[in-house]
Amino acid sequence: MLEVKQVSKLYENDRGVHNIDFSMQRGEIVGFLGPNGAGKTTTMRMITGYLNPTHGQILVDGHSMADNPKKARRKIGYLPETPPLYPEMTVQSYLRFIANLRDVPAREQKLRVGEAIDKLGLQGREKQIIRSLSKGYKQRLGLAQAILHQPDLLILDEPTSGLDPKQIIEIRQLIHELGENHTVLLSTHILPEINAICNRVLIINQGRVVLDERPENLGRTMGETFEVSLEVKGPRERILTELRSLGTVASVKELDASAGAPAVEAAAEVEADTAAELPKAESVKLLVTSADRSDIREDLFFRLAGAGYPILEMKRESLSLEDIFLKLTTDEPAEESGKAEEEVDTDA
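Bear in mind that the values here come from a model prediction, so they are computed numbers and not experimental data.

Of all residues in the protein chain, 83% have pLDDT values of 70 or greater, and the mean over the chain is 81. When the elements of the protein chain are averaged for pLDDT, helix H10 (residues 272-277) gives the smallest value, 45, and helix H3 (residues 91-101) the largest, 95. Across residues 258-280 the pLDDT falls below 50, and counting only partners more than four positions away or on other chains, this stretch makes 21 contacts in the model. For residues 332-348, every residue scores under 50 in pLDDT, and the model assigns this stretch 33 contacts once sequence neighbours within four places are set aside.

Have a look at this one:
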């Protein structure tokens, strides 16, 4: 649906974006992340034809933005960070105006406007002056104008910026529903949105793509070890002995050692008669690391079940998207670290 091939936009002091290269398939919702000044908005403006790249090629459903800009733009619906609204118009007159701009056939305009109003929850506000709308409804109207001509590709730049929590939830749900019929490129600083609605993540830093991966594969891509937190009912030392005897386990760390208990680093081998004299804790909480980054949850289950120690809780521990984002975007050159445009905003 979208191909961005080695696209650059260069400004003075080598600022801008450099050799951006990615593609999107039909039906994908892709989250586009990066700190302020990383090049997200510049990239989106080039995709939508508002900026010409210094070099590279952008194809929308096979149409070149450079050679066939009109055909390419017809395939795109764009919501910039500030919706392009006319405050003195009513909701309905504005959407009719956009329908004319988008070359929607006159015989279809009433139907298209009605569908957009229904889909974006604007019923009852058709005659309302845009100036009097809340910010949440202005965002809804911005989305309505973006889908009015039934584009295949939606480009959304910070669609929930400045909204209250209730409005954010509503807009997220709308984007999720739109993703059923559209390909969506979503730029945001609100990282939970990526986990909530996106099936792929692009992270850009200093004008370059530094990560392109599905959310479920992020840990593997970052070289993350496989770790599991456990709560197990039974005697502490015997549980440690069972787990450390597994060849697939690299290490076992106690998460909440009780006062006076032997250190976790103590020898795992405990004589049977000595172990029998130790007080039996109700449960012990542990962090278990795999020896080769493989999934060890089945091994842990069968070993502890066979030994008669029930697992009360088992949870895989992994890097959050926030951790990965910071890891990829905070290694800035010293001379750039003080610039406001390079600051990382991870407010949720």
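So much for the structure itself; the text now carries on.
Sheet topology note: the strand S1 (residues 2-10)/strand S4 (residues 55-60) ladder contains 5 bridges and is antiparallel. Of the residues in S4, the one forming a bridge with Val4 is Ile58. For S1 and strand S2 (residues 16-24), the ladder comprises 6 bridges, and the chain directions are antiparallel. Bridge pairing in S2 places Leu2 opposite Met24.

Another point: the packing of H3 against helix H5 (residues 135-147). The geometry of a pair of packed helices is captured by two quantities: the angle between their axes and the separation between those axes. With their axes 9 Å apart at the nearest point, H3 and H5 run at an angle of 25° to one another. Between H3 and H5, the angle is such that the two are roughly parallel. Both H3 and H5 take part in a crossing whose hand is right-handed. Along the contact surface, H3 presents Val91, Tyr94, Leu95 and Ile98, while H5 presents Leu141, Ala144 and Gln145. Along the lines of polarity and charge, the residues of the contact of H3 with H5 split into 6 nonpolar, 1 polar and no charged.

This paragraph deals with the side chain of Glu28. Examined against the element boundaries, Glu28 turns out to sit in the loop between S2 and strand S3 (29-33). Of the polar contacts made by the side chain of Glu28, one reaches the side chain of Arg200; its length is 2.9 Å.

Calculation criteria
Throughout this description, residue numbers start from 1 for each chain and increase along the sequence as written. With the structure being a predicted model, the display of local features is reserved for residues of pLDDT at least 70 and the display and counting of side-chain atom pairs for 80 or more, all residues being used for whole-chain, interface and lining totals. Note that water and hydrogens are dropped before the side-chain values are worked out from all heavy atoms of the structure. pLDDT measures the predictor's confidence residue by residue and takes values from 0 up to 100. Numbering goes from the N terminus for both helices and strands, where a helix is a DSSP run of H or I of at least four residues and a strand is a run of E of at least two. Residues are treated as being in contact if the distance between any of their heavy atoms lies within 4.5 Å. Strand pairing requires that DSSP identify at least two bridges connecting the strands. What counts as an axis is a line fitted to C-alpha atoms, over the stretch in contact for a helix, and the angles between N-to-C directions run from 0 to 180 degrees. Working definition: roughly parallel below 35 degrees, roughly antiparallel above 145 degrees, roughly perpendicular at 65 to 115 degrees, and oblique for all remaining angles. Crossing handedness: left-handed means the near helix sits turned counterclockwise from the far one by under a right angle, and right-handed means the same turn made clockwise. Residues are grouped as follows: nonpolar covers Ala, Val, Leu, Ile, Met, Phe, Trp, Tyr, Cys and Pro; charged covers Asp, Glu, Lys and Arg; every other residue, Gly included, is treated as polar. Here a polar contact is recorded for every N or O atom pair within 3.5 Å, except that within protein the pair must consist of a potential hydrogen donor and a potential acceptor, and residues adjacent in sequence are included only if both atoms are side-chain atoms.

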